[in-house]
Amino acid sequence: MTSPVPLPLPALHASHGGNWLRPANGVTEAVSKGDAIMAAADTPVLLLNAPLVANRLGYPDLSGLDVLELFAFVHPARFCVPTPRGLAQALGLEEPESDQHVPGFLLQAAGALVAACEDPEWFERAGAWSSLHSLERLRWPWAQVLKPHIKRPEKAEKWLFAALPEWEETGERAPPRQVELPDADVLGELDALTGEGSEKREGQRQYSTEVSRIFAPRDRRELPHVALAQAGTGIGKTLGYLAPSSLWAKQSGGTVWVSTFTKNLQRQLRSESRRAWPLKRPDGTPPVVVRKGRENYLCLLNLEDALQGGFAGRPAILAQLVARWASFTRDGDMIGGDLPGWLGTLFRKRGIAALTDQRGECVYAGCPHYRKCFIERAGRDSAQADLVIANHALVMVNAARGRDHAQRPTRIIFDEGHHVFEAADSTFAATLSGQEAIELRRWIIGPERKNRGRRRGLSARLADVASYDDEGGEAIEAACEAAQAFPGEGWLQRLIENEPSGPIETLLGAVRTATYARDESGQEAGYGIETEASGLPGEVIEAASAAGEALAAIRTPLIRLGGRLEAILADPPDWLDGAGRARIEGARFSLQWRVDLLAAWESLLDRLGGPADPEFVDWLAVDRSDAREFDVAIHRRWLDPMKPFARVVLEPSHGVMLTSATLTDRIGTEGDPWESAIRRSGANHIESAPMLSAADSPFDYASRAEVLIVTDVRKGDLPGLAGAYARLIEASDGGVLGLFTAIRRMRAVHGRIADRLAREGLPLYAQHVDPIDTGTLVDIFRDDPRASLLGTDALRDGVDVPGRSLRCVVMEAVPWPRPDILHKARRAAAAQDDGTGSQYDDRIIRARLAQAFGRLIRNKDDAGHFVVLSSAFPSRLLSAFPEGTAVRRVTLDEALVRVRDGQIGEDPSEVAQNTGALDDNIPDSFA
């Protein structure tokens, strides 16, 4: 490959280790932050990830020629880690040796991307010329650079919305046949998936045959086969359950749903499924489909609005780049799909979110792009698929209020099954808040101001119904009038000024006052506060009664409107064609969802002031962030969310499995490790006992991993904590995943050590600090063996970084559960069952520790240390770690030696076995 011709432009690179500037046709020199800012302000310079460079220079208004934007234009829907190393790999260039060489490399990379536009084999040429001219009108800095290199096509290019293919309607799929799966057939399918000559792992083979039991015909209605299967890391559980799933789908003609909690596992599953199914069937339909919530997909109507003036300035440029991507995307998935995760972060406003259906405003068949819609295509494809890869929340929502009962999943595998409880807790919750109420107001009435955009109220969306059906028109008018009771724009400021408008604002104002009056947390401004919904003052009770009446007044005409829509469908007028029918059916579905939501809010308000319902936990809250209030809410959660889960998801199903590497409670030798797993699966709420199985990890943890509990880093000593992190990262030469229980401490540690580490050539990234999405941060961390990453809960689960890139996990404290109202209620309920709430806390902590430890060893060749910087580590929690893992209580200096020299488990006599800690340690407070 010939070396690309560098562009004759200045280039700038900024890292925690310094700043380097290369003038056009000049020599790279180290410069101060001030000089770097002056150079960027004086003339456009080449940058890589402008928001990140701006963040490091402390100059938020920095702009220039971002090479990532150029990459997104030239190679839409192509993966690239947004670092000099990642860009070099994506373009087949030599990586820069150091930060000093990055500016020169950026000139080469930009030259390579520009040259690609003249390559006759440029795959993404379609639509480039038209898109470039639209971007030129928007004054995109790269437009003038690219213009001489992209030729005008001989034929006029189709507009995106004309070029996208249409989906086709298909007949209903026949119900699956009832089949049995003999063990021999399952093992044969597993052998076919793992490949000829591959190692036969007994744990995987046993696991696969046990999974097959959920596909057996069920014996009674509402009595599914339920299995709980723990599969240790390295068992190969993905192929273990795909083997019986593919065999059953092939023989029965049915659909298996595999549900995950993280997008990372969804990507892995899509890749692994290629072993069992082709990309396309002979008729062109996909046998494997990834399904997510509507808010994950590009909305073509929103995109069209953005391209036609709905967006201005930089967001308009983003819309054009997204339109380029839309021409080449696999499925229109914007969140975790093939849209680069970093693209949205290059633009300061929430442009990506505005291009999805965030508010449930879809007009279905009333949309001019309905036949090309990515969301509708995914829904139709999944109805005919053999395997649907979804997430826990979508599976539960689909089971609770899916539009088509025939498409609801009946054979479900919940991978990452330890998260099903949390997903159910969120799915079956009720929250009446200012933000939720104002969104429902906008859905009914429409926007308050004459904003640009497609947001429309019921009157606009159902205008033809109103003109045809007098009763339907009257119901729409009544609903819009009653919805005036909802909070309007500026509602929160009116609450702060004690001038609420309308019954629901009055209620939220009373909630806010009561919450502040009862606050005993001592939290500084910036953290949310809450109080129990009991013993409330009369003002709250009176306001709740008036607000409940207002909600009922909104719900009644919506119910009446739903009835009129049903009547129109039952006796359709002449003008109602197939598309109109689909639109009205969609509107009826959306109406029912809102009616159910209003009914849940009314039920929530009816309980205020009355006796507590033992099934639920209710509380009031004021949500704050960085000293700014952003919402006021009344919350209701099920004390045990697995009750509605069992009723809505388990009972209608034929076979369900929950599987995970950390499904059971690692309580040591005493007690039943499956007890909590059964309760948190919902299996205890159905009449049959679940099938239980466990396959231990084949990894040799005793010789590959070690737990170090550091005893001399004092709690609250922030300089000491930061110094410990820096020294551990230096001792490990990078490859450290740092986990924190508080964002503020993480930010403080990052700010203290990032520059120091950069001078040693050790890049450090952090959630909530670097303007990069979490998925991309993990991609960067995985790609660079010397990089380290700091984060919170999102990095404790689902991060899969095998190999040298992750060789040390450091936790800054024991992950005690936050003692909020919901946790205290569930802890008290658990105490009634087993006599002590501390066991409930311990189960949560052990699960978190097990998940965090699970990030360390991902394959048989991995090795490393798990470090906890807290002397207050109760010995009773040590069972969270795999049996045989060495656990040592050491000083920081001793830990540094072991990490630096890679010492693991050499001296078993030093392994801590229930020594050196008291079991009555006081939990760390949340700072």
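Parameters and conventions
- Residues numbered from 1 in each chain as written.
- Predicted model: local features only at pLDDT ≥ 70, side-chain atom pairs only at ≥ 80, totals over all residues.
- Heavy atoms only, no water.
- Helix = DSSP H or I, 4+ residues; strand = E, 2+ residues; numbered from the N terminus.
- Expected span 1.5 Å × (residues − 1).
- Buried < 20%, exposed > 50% of the residue type's maximum accessible area, 1.4 Å probe, protein only.
- Pairing = 2+ DSSP bridges.
- Core = buried A, V, L, I, M, F, W, Y, C linked by side-chain atoms within 4.5 Å.
- Contact = heavy atoms within 4.5 Å.
- Axes fitted to C-alpha atoms, helices over the stretch in contact; angles between N-to-C directions.
- pLDDT = per-residue confidence, 0-100.
- Phe/Tyr/Trp six-rings, centres within 6.5 Å; stacked < 30°, edge-to-face > 60°.
- Lys NZ or Arg CZ within 6 Å of the ring centre and 35° of its normal.
- Salt bridge = Lys/Arg side-chain N within 4 Å of Asp/Glu carboxyl O.

Draft legend 1. Up close: helix 24 (residues 503-518). For helix 24, which comprises 16 residues, the first-to-last C-alpha distance of 23 Å matches the rise-based estimate of 22 Å (1.5 Å per residue) to within 8%. All buried positions along helix 24 are accounted for by Ile 504, Glu 505, Leu 507, Leu 508, Gly 509, Ala 510, Val 511, Arg 512, Ala 514 and Thr 515.

Draft legend 2. Summary view of the side chain of Thr 659. The residue Thr 659 is located in strand 15 (residues 655-660) in this model. According to the relative accessible area criterion, Thr 659 is buried, its value standing at 0%.

Draft legend 3. Structural detail: the pairing of strand 18 (residues 736-739). With burial as the criterion, each face of strand 18 is covered, one bearing Val 736 and Gly 738 and the other bearing Leu 737 and Leu 739. In the sheet, strand 18 pairs with strand 21 (residues 808-811) via 4 bridges, with the strands oriented parallel. If you follow Leu 739 over to strand 21, its bridge partner there is Met 811. For strand 18 and strand 20 (residues 788-791), the ladder comprises 3 bridges, and the chain directions are parallel. Across the sheet, Gly 738 pairs through a bridge with Leu 790, a residue of strand 20.

Draft legend 4. Examining the nonpolar core more closely. Counting residues in hydrophobic clusters, the biggest one holds 69 residues, and the most contacted among them are Phe 73, Trp 140, Leu 298, Val 322 and Leu 343. If one sorts the elements of this core by residue count, helix 5 (residues 102-116) sits on top with 10 residues. Excluding residues that lie within four positions of it along the chain, Leu 298 makes contacts with Leu 303, Val 322, Trp 325, Ala 326, Gly 332, Met 334, Leu 355 and Phe 374.

Draft legend 5. Expanded view of helix 13 (residues 300-310). Taken residue by residue, helix 13 has Leu 300, Leu 301, Asn 302, Leu 303, Glu 304 and Ala 306 as its buried positions. Close packing links the buried residues of helix 13 with helix 8 (160-163), helix 14 (314-326), helix 15 (351-354) and helix 16 (374-384).

Draft legend 6. Highlighting the sheet that holds strand 6 (residues 225-231). Taking strand neighbours across the sheet as the criterion, the 7 strands line up as 8-9-7-10-15-6-16 in an open arrangement whose pairing is parallel. Of all strands in the sheet, those with a lone pairing partner are strand 8 (288-290) and strand 16 (691-695), marking the two edges. Direction aside, the axes of adjacent strands within the sheet are offset by 15° on average. As defined by bridge partners, strand 8 adjoins strand 9 (residues 387-391) across 3 bridges and the pair is classed as parallel. Each bridged residue has a counterpart across the sheet, and for Val 289 the counterpart in strand 9 is Val 388.

Draft legend 7. Structural context of the confidence of the model for the protein. Per-residue confidence for the protein gives a mean pLDDT of 89, with 94% of residues at or over 70. This stretch, residues 908-927, has a pLDDT under 50; its non-local contacts, to residues over four places away or in other chains, come to 43 contacts.

Draft legend 8. Fine view of the packing of aromatic side chains. Applying the stated criterion across every chain, the model contains 16 aromatic pairs. Taking 4.5 Å as the distance between ring centres and 70° as the angle between the ring planes, the aromatic pair formed by Trp 159 and Phe 161 counts as edge-to-face. Note on Phe 161: relative accessible area 5%, which makes it buried. Chaining the aromatic ring pairs together yields one cluster made of Phe 699, Tyr 701, Phe 853, Phe 866, Phe 873 and Phe 881. Lying over the aromatic face of Phe 616, Arg 636 brings its terminal NZ or CZ to 4.5 Å of the ring centre. Directly above the ring of Phe 421 sits Arg 680, whose terminal nitrogen or CZ lies 4.1 Å from the centroid.

Draft legend 9. Examining the pattern of salt bridges more closely. What the rule picks out here adds up to 47 salt bridges. Of the charged contacts in the structure, one is a salt bridge between Asp 783 and Arg 85, with a shortest N-O distance of 3.2 Å. Of the two residues, Asp 783 is situated in helix 32 (residues 774-783) and Arg 85 in helix 4 (residues 84-91); the sequence distance between them amounts to 698 residues. Its relative accessible area of 15% is what places Asp 783 among the buried residues. Here Arg 85 falls in the partly exposed class, since its relative accessible area comes to 27%. One salt bridge connects Arg 213 with Asp 183, and the closest N-O pair in it is separated by 3.0 Å. Placement of Arg 213 in the loop between helix 10 (202-211) and strand 6 and of Asp 183 in helix 9 (residues 183-194) is noted, with a sequence separation of 30 residues between them. By sharing partners, the salt bridges in this structure join Arg 85, Glu 95 and Asp 783 into a single network.

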